[in-house]
Amino acid sequence: MMRGWREEVVALSLRGYGYGNEEDDRPEKPRRYGVTEMRSPVYSFRPANQALQEILDSLGPFVDGLKFSGGCHSLMGKELVREITDLAHKHDIYVSTGDWAEHLLRQGPSSFKQYVEECKALGFDTIELNAGSLKLPEDALLRLVRLIKSSGLRAKPLFSVKFDSSDIPASRDRAFGAYIAPVKKQTSERVEDVDLLIRRAERCLEAGADMIMIDADDICQRADSMRTDIVAKIIGRLGLEKTMFEASNASTSEWFVKRYGPRVNLFVDHSDVMNLERLRGFNMRRGNPSSRFSSPFFLM
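For the protein chain, the name recorded in an unreviewed UniProt entry is Protein HEAT-STRESS-ASSOCIATED 32, with Urochloa decumbens as its organism.

Right, dumping it as structure tokens:
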């Protein structure tokens, strides 16, 4: 897709500040890696739709996905939701529902199937499944992944590193790749288990999931308290292209790009897109690798 004048201004400005050149540019969309998913600034009112258009006119080439956070699309009229998804598609940006599906499952499996069909009709491309909030047996979660895929949409399960203690099989019962149904009642105790996260994520990928979203809680909320061991293990087992991490601030984005390079997939706030793109395009082996890259502008 050809760039408009706003996009050219941004690209030239980035190169003018030394953050990338023609050889360092990211590949054209759609990208399989180095994906930037942006939290939508839209909640319920039409003026916010106009704000989104201004953001995408400026930053569209650098954004791969748009996520409706917190189920905000459920508060909007269908016409407005369709306007937003159409606007994103004009910029070659996919649209994700965010973690809202768990509210539909309370009404039964048929309601979830209807939800998937309605999401497709409204122009959504990806349905996110928050595995922690769904509180489903693993096989039931896999069925949802297959249902989404059979409808022609992308499935993105979201996992946290902490599980209800009753979901964690006793060590003597564990078998590699096997699912052990919990035998205890649900409790409020949360236990960290990165191996269980990876095993369930692997099974979701085998069932057809397109990517795994990793919740920032207890892993990567702040750059000064990163769980580097957990991040490395997840990427080592699942692969860089199949994982996406939530980067809740600019310093966290910087840590990921410095550690794993521009190919890492990140979910960021719309206000962090410019800084993340500069980090992706910047060759860390040249220039000043100082830890803070304050944006020289936030555009238009």
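Q: Can you help me understand the overall build of the protein chain in this one?
A: A tally of helices and strands in the protein chain yields 11 helices and 10 strands. Buried residues in the protein chain amount to 52% of all 300 residues. Here the protein chain has roughly 14,300 Å² of accessible surface; of this, 51% comes from carbon and sulfur atoms.

Q: Sorry, what's going on with the packing of aromatic side chains here?
A: How two aromatic rings sit relative to each other is set out by the distance from centre to centre and by the angle between their planes. If you walk through the whole model with that rule in mind, you get 5 aromatic pairs. Measuring from ring centre to ring centre gives 5.3 Å for F68 and F124, while their planes differ by 65 degrees; the resulting arrangement is edge-to-face. Here F124 lies in the loop between α5 (109-121) and β4 (126-130) and F68 lies in the loop between β2 (65-67) and α3 (78-90), a separation of 56 residues in the sequence. When its relative accessible area of 2% is taken as the criterion, F124 is described as buried. Within the aromatic cluster, the residues linked to one another by ring pairs are F245, W255, F256 and Y260. It is K67 that lies over the ring of F267; its NZ or CZ is 4.4 Å from the centre. Here R263 stacks its cationic end above the ring of Y33, 4.0 Å away from the centre of that ring.

Q: Help me understand unusual backbone geometry in this model?
A: Generally, phi is negative for residues other than glycine and the peptide bonds are trans, each holding for most cases. Positive phi outside glycine occurs at D92, with the angle close to 55 degrees. Considering the arrangement of structural elements, one finds D92 in the loop between α3 and β3 (94-99). Its relative accessible area of 38% is what places D92 among the partly exposed residues.

Q: It is not clear to me how the side chain of R200 should be interpreted in this structure. Could you clarify?
A: Looking at the element boundaries, R200 is found in helix α8 (residues 194-206). In this structure the side chain of R200 is engaged in a polar contact, spanning 3.3 Å, whose partner is the side chain of E138.

Q: What am I meant to see in the sheet that holds β3 here?
A: Either a parallel or an antiparallel arrangement is found when strands of a sheet pair, and the pairing is made through backbone hydrogen bonds. Strand order in the closed barrel made by the 8 strands is β1-β2-β3-β4-β5-β8-β9-β10, with parallel pairing throughout. On average, adjacent strands in this sheet sit at an angle of 25 degrees to one another, irrespective of strand direction. Alignment of strand β9 (residues 243-246) against strand β10 (residues 265-269), held across 3 bridges, turns out to be parallel. If you follow M244 over to β10, its bridge partner there is N265. Against the sheet, helix α7 (residues 138-150) engages β4 and β5 (154-159), with an angle of about 150 degrees to β5. Helix α11 (residues 273-281) contacts β1 (36-39) and β10 of the sheet and is inclined by roughly 150 degrees relative to β10.

Q: It is not clear to me how the packing of helix α9 (residues 228-238) against helix α10 (residues 250-260) should be interpreted in this structure. Could you clarify?
A: Packed helix pairs are characterised by how far apart their axes lie and by the angle those axes make with each other. The N-to-C vectors of α9 and α10 enclose an angle of 55 degrees; their axes lie 13 Å apart at closest approach. Classified by the angle their axes make, α9 and α10 are oblique. Relative to α10, the crossing made by α9 is right-handed. On the side of α9, the interface is formed by T228, V231, A232 and I235, while α10 contributes W255, F256, R259 and Y260. For the contact of α9 with α10, the residue count by class is 6 nonpolar, 1 polar and 1 charged.

Q: Is there a simple way to explain the environment of A131 in this structure?
A: Residue position: A131 is located in helix α6 (residues 131-134). Spatially, the C-alpha atoms of A131 and R200 are 9.5 Å apart, while their sequence positions differ by 69 residues.

Q: Mind showing me how you'd approach the pattern of salt bridges here?
A: Once the charged atoms of two side chains with opposite charge are near each other, the side chains can pair. Following the criterion strictly, the structure yields 18 salt bridges and no others. The partner of R237 in a salt bridge is E202, and the shortest N-O contact between them spans 3.3 Å. In this pair, R237 is assigned in helix α9 and E202 in helix α8, connecting sequence segments 35 residues apart. The exposure class of R237 is partly exposed, given its relative accessible area of 37%. Notably, a salt bridge pairs E254 with K258, separated by 3.3 Å at the nearest N-O pair. Remark: K258 and E254 occur in helix α10; sequence separation between them is 4 residues, near one turn of the helix.

Q: Mind showing me how you'd approach the pairing of β9 here?
A: A two-sided burial pattern is seen for β9, the buried positions comprising T243 and F245 on one face and M244 and E246 on the other. Bridge count for strand β8 (residues 212-214) against β9 is 3 bridges, and the pairing is parallel. Bridge assignment links I214 to a residue of β9, and that residue is F245. Since β8 and β9 lie parallel, the crossover through α9 that links them has a hand, and here it is right-handed. Chirality of the crossover, the property in question, places the unit of β9, α10 and β10 among those that are right-handed.

Reading guide: rules and limits
- For every chain, the first residue of the written sequence is number 1, and numbering continues from 1 along that sequence.
- A pLDDT threshold of at least 70 governs which residues receive local features in this predicted model, and a stricter bar of 80 or more applies before side-chain atom pairs are shown or counted, although totals over entire chains, interfaces and linings include all residues.
- Only hydrogens and water are set aside when side-chain values are computed; all heavy atoms of the structure are taken into account.
- Where helices and strands are cited, they refer to DSSP runs of H or I of at least four residues and of E of at least two residues respectively, numbered from the N terminus.
- Three exposure classes are used, based on accessible area relative to the maximum for each residue type with a 1.4 Å probe and protein chains only: buried under 20%, partly exposed in between, and exposed over 50%.
- With residues, only the protein chains shown are counted as cover, and all accessible areas are computed by Shrake-Rupley using a 1.4 Å probe.
- Only centres within 6.5 Å qualify two rings of Phe, Tyr or Trp (six-membered ring in Trp) as a pair; their planes then separate them into stacked at under 30 degrees, edge-to-face at over 60, and tilted for everything else.
- In our convention, an over-ring charge means Lys NZ or Arg CZ found within 6 Å of a ring centre and within 35 degrees of that ring's normal.
- Pairing of N or O atoms within 3.5 Å defines a polar contact, subject to two protein rules: one partner must be a possible hydrogen donor and the other a possible acceptor, and residues neighboring in sequence count only if both atoms are side-chain atoms.
- DSSP calls a pair of strands paired once it identifies at least 2 bridges connecting them.
- Convention adopted: a line fitted to C-alpha atoms gives each axis, helices being fitted over their contacting stretch, and angles between N-to-C directions are expressed from 0 to 180 degrees.
- Contacts are assigned to residue pairs that have any heavy atoms within 4.5 Å of one another.
- When an angle is under 35 degrees it counts as roughly parallel; over 145 it counts as roughly antiparallel; between 65 and 115 it counts as roughly perpendicular; any other value is oblique.
- For a crossing to be left-handed, the near helix must be turned anticlockwise from the far one by less than a right angle; the clockwise case is right-handed.
- Residues are grouped as follows: Ala, Val, Leu, Ile, Met, Phe, Trp, Tyr, Cys and Pro are nonpolar; Asp, Glu, Lys and Arg are charged; every other residue, Gly included, is polar.
- Put simply, a salt bridge is a Lys or Arg side-chain nitrogen that is within 4 Å of an Asp or Glu carboxyl oxygen.
- Looking down the strands as they point away from you, a crossover is right-handed if its path from the first strand over the helix to the second goes clockwise.

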